[in-house]
Amino acid sequence: MSIIEYKSVEILRKEHVVLKDVGFAIEPGEFVYLIGKVGSGKSSLIKSLYGEVPVKTGEARIFDYDLLTLKRKQIPYLRRKIGIVFQDFQLLTDRNVYANLEFVLDATGWKDRVAKEQRIEEVLKEVGMTNKSYKMPHELSGGEQQRIVIARALLNRPELIIADEPTGNLDPETGEQIINKLYSIAKDGTAVIVATHNLTMLERFPGRVMRCEGKHLIN
């Protein structure tokens, strides 16, 4: 069963139509690229998936949530099922890596200290950053920060990871390592959507391509 299904969806920003007649479905474990020029609607489409941009027409479902009838109080529960990887990292600069990850677990209802420690250890190991938990964000390279962001996205074992320009601030070699990590996460069964301008990655790591162009989603 698809984890995301859009049919005849119109996406608006401040009453302006950004995308119209959007239709697509995404299955568990799919690796999907979302491409298109700046201003073509990629970010608006991504934000509609986690309730930041409302959907008002057509049919739009993600997991068990109907996005047309999504209530504000449901949004935090929806977002727990999605891991988000940002271009600009958005790590908390006043605390170390461990405290950044613990903050997310606390915010999403984890109470058991031992369980939290164990989960943080697991995700740091998964992204190859086991020995960096005591470091402050400014002590890490861009690639290391992005690995921590991926670890943060994995904490609640999401069914979907959305990566918005995850290589935008990285050199090509580091960017390739990050896409490779996301690719392996998809192979383990988590759907991954990567919004990117970096079209060389499409050859190196083949996946399904959806393109925003002329107010339409071509897929």
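Up top you'll find the structure we're talking about.
A few points on the structure. Each chain has its residues counted from 1, running along the sequence as written. Predicted model: local features are reported for residues with pLDDT of at least 70 only, side-chain atom pairs are reported and counted for 80 or more only, and whole-chain, interface and lining totals are derived from all residues. Excluding hydrogens and water, the side-chain values take into account all heavy atoms of the structure.

Brief notes about the overall build of the protein chain
Phase 1: For helices the rule is a DSSP run of H or I covering at least 4 residues; for strands it is a run of E covering at least 2, with both sets numbered from the N terminus onward. Assigned secondary structure in the protein chain consists of 7 helices and 10 strands.
Phase 2: All radius of gyration figures rest on C-alpha atoms, and the globule criterion is 2.2 Å times the number of residues raised to 0.38. Over its C-alpha trace the protein chain gives a radius of gyration of 17 Å, about what one expects of a compact globule, namely 17 Å for 219 residues.
Phase 3: For the protein chain, the spread of C-alpha atoms along the three principal axes comes to 50 × 40 × 30 Å.
Phase 4: Burial classification: accessible surface area is computed with a 1.4 Å probe over protein chains only, and a residue below 20% of its type maximum counts as buried, one above 50% as exposed, and the rest as partly exposed. Here the protein chain holds 219 residues, and the buried ones make up 48% of them.
Phase 5: Put simply, 70% of the contacts in the protein chain that link residues at least 6 apart link residues at least 24 apart.
Phase 6: Residue exposure ignores everything except the shown protein chains as possible cover, and the areas themselves are Shrake-Rupley values with a 1.4 Å probe. With an accessible surface of roughly 11,100 Å², the protein chain has 48% of that area assigned to carbon and sulfur atoms.
Phase 7: For this count, His and the chain ends are skipped, Lys and Arg are scored as positive, and Asp and Glu as negative. To locate a charge, take NZ of a lysine, CZ of an arginine, CG of an aspartate or CD of a glutamate. Side-chain charges in the protein chain split into 32 positive and 30 negative, and the spacing between the mean points of these groups amounts to 4 Å. Any two residues whose heavy atoms approach within 4.5 Å at even a single point are treated as in contact.

Describing the packing of helix α5 (residues 142-154) against helix α6 (residues 172-187)
Phase 1: Following both chains from N to C, one finds α5 and α6 inclined at 15 degrees, their axes separated by 10 Å at the closest point. Accordingly, the angle class assigned to the pair α5 and α6 is roughly parallel. Relative to α6, α5 is oriented so that their crossing is right-handed. Listed contacts from α6 to Gly143, Gln146, Arg147, Ile150 and Leu154 of α5 are Thr174, Gln177, Ile178, Lys181, Leu182 and Ile185.
Phase 2: Residues were grouped as follows: Ala, Val, Leu, Ile, Met, Phe, Trp, Tyr, Cys and Pro as nonpolar; Asp, Glu, Lys and Arg as charged; and all remaining residues, including Gly, as polar. Looking at the contact of α5 with α6 residue by residue, the classes come out as 5 nonpolar, 4 polar and 2 charged. Whenever a helix is involved, its axis is fitted only over the stretch in contact; in every case the axis is a line through C-alpha atoms, and angles between N-to-C directions fall within 0 to 180 degrees. In what follows, roughly perpendicular refers to angles from 65 to 115 degrees, roughly parallel to angles under 35, roughly antiparallel to angles over 145, and oblique to any angle outside these ranges. Left-handed describes a crossing in which the near helix is turned anticlockwise from the far one by less than a right angle; the clockwise case is right-handed.

Notes on the packing of aromatic side chains
Phase 1: Only Phe, Tyr and Trp rings take part, Trp by its six-membered ring, and two of them pair if their centres are within 6.5 Å. Stacked means planes under 30 degrees apart, edge-to-face means over 60, and tilted covers everything else. Evaluated as defined, the whole model comprises 4 aromatic pairs.
Phase 2: Taken together, a centroid distance of 5.2 Å and an interplanar angle of 85 degrees make the contact between Phe31 and Tyr33 edge-to-face. Each member of the pair, Phe31 as well as Tyr33, carries the same accessibility label: buried.
Phase 3: Here the aromatic rings of Phe31 and Tyr183 are separated by 4.7 Å at their centres, their planes lie at 80 degrees, and the arrangement is edge-to-face. Taken together, the residues Phe31 in strand β3 (residues 31-35) and Tyr183 in helix α6 connect sequence positions 152 residues apart.
Phase 4: Relative accessible area serves as the criterion here: at 8%, Phe31 is assigned to the buried category.
Phase 5: Given the relative accessible area of 16%, Tyr183 is considered buried.
Phase 6: An aromatic cluster of three or more residues is present, and its members are Phe31, Tyr33, Tyr183 and Phe205.

Section: the sheet that holds strand β1 (residues 4-13)
Phase 1: Taken in spatial order, the 4 strands make up an open sheet running β2-β1-β4-β5, and their pairing is antiparallel. Looking along the sheet, the strands with just one partner apiece sit at the ends: β2 (16-26) and β5 (65-66).
Phase 2: The pairing criterion is simple: DSSP has to find at least two bridges between the two strands. Summarising the sheet, β1 and β2 pair through 7 bridges and their orientation is antiparallel. In the sheet register, Val9 faces β2, and the bridge partner there is Val22.

As for the pairing of β3
Within a regular beta strand, the side chains point alternately toward one face of the sheet and then the other, so they alternate between its two faces.
Phase 1: Of all 5 residues that make up β3, 5 are buried, and the element is covered over most of its length.
Phase 2: What you see with β3 is no split at all: Phe31, Tyr33 and Ile35 on one side and Val32 and Leu34 on the other are buried throughout.
Phase 3: Alignment of β3 against strand β9 (residues 208-213), held across 4 bridges, turns out to be parallel. Following the sheet pairing, Ile35 is matched in β9 by Arg211.

Concerning unusual backbone geometry
Phase 1: Of note, Asp21 is a non-glycine position whose phi angle comes to about 50 degrees, a positive value.
Phase 2: If you trace the backbone, Asp21 turns up in strand β2.
Phase 3: For Asp21, a relative accessible area of 54% puts it in the exposed group.
Phase 4: A positive phi angle, near 50 degrees, is found at Glu165, a position not held by glycine.
Phase 5: For Glu165, the location among the structural elements is in the loop between β7 (160-164) and α6.

What to know about the nonpolar core
Phase 1: Membership of the largest hydrophobic core comes to 37 residues, with the highest contact counts inside it found for Phe31, Tyr33 and Leu182.
Phase 2: Those elements that place two or more of their residues in this core are β3, α3 (97-107), α4 (113-126), α5, β7, α6, β8 (191-195) and α7 (200-204).
Phase 3: The residues contacting Tyr33, other than those within four sequence positions of it, are Ile179, Val194, Thr196, Met201, Leu202, Phe205, Pro206, Gly207, Arg208, Val209 and Met210.
Phase 4: Core analysis: the second largest hydrophobic core is formed by 36 residues, Phe63, Leu78, Met210 and Cys212 among them. The set of buried Ala, Val, Leu, Ile, Met, Phe, Trp, Tyr and Cys residues whose side-chain atoms join them within 4.5 Å is what this entry labels a nonpolar core.

The analysis is restricted to geometry; functional conclusions fall outside its scope.
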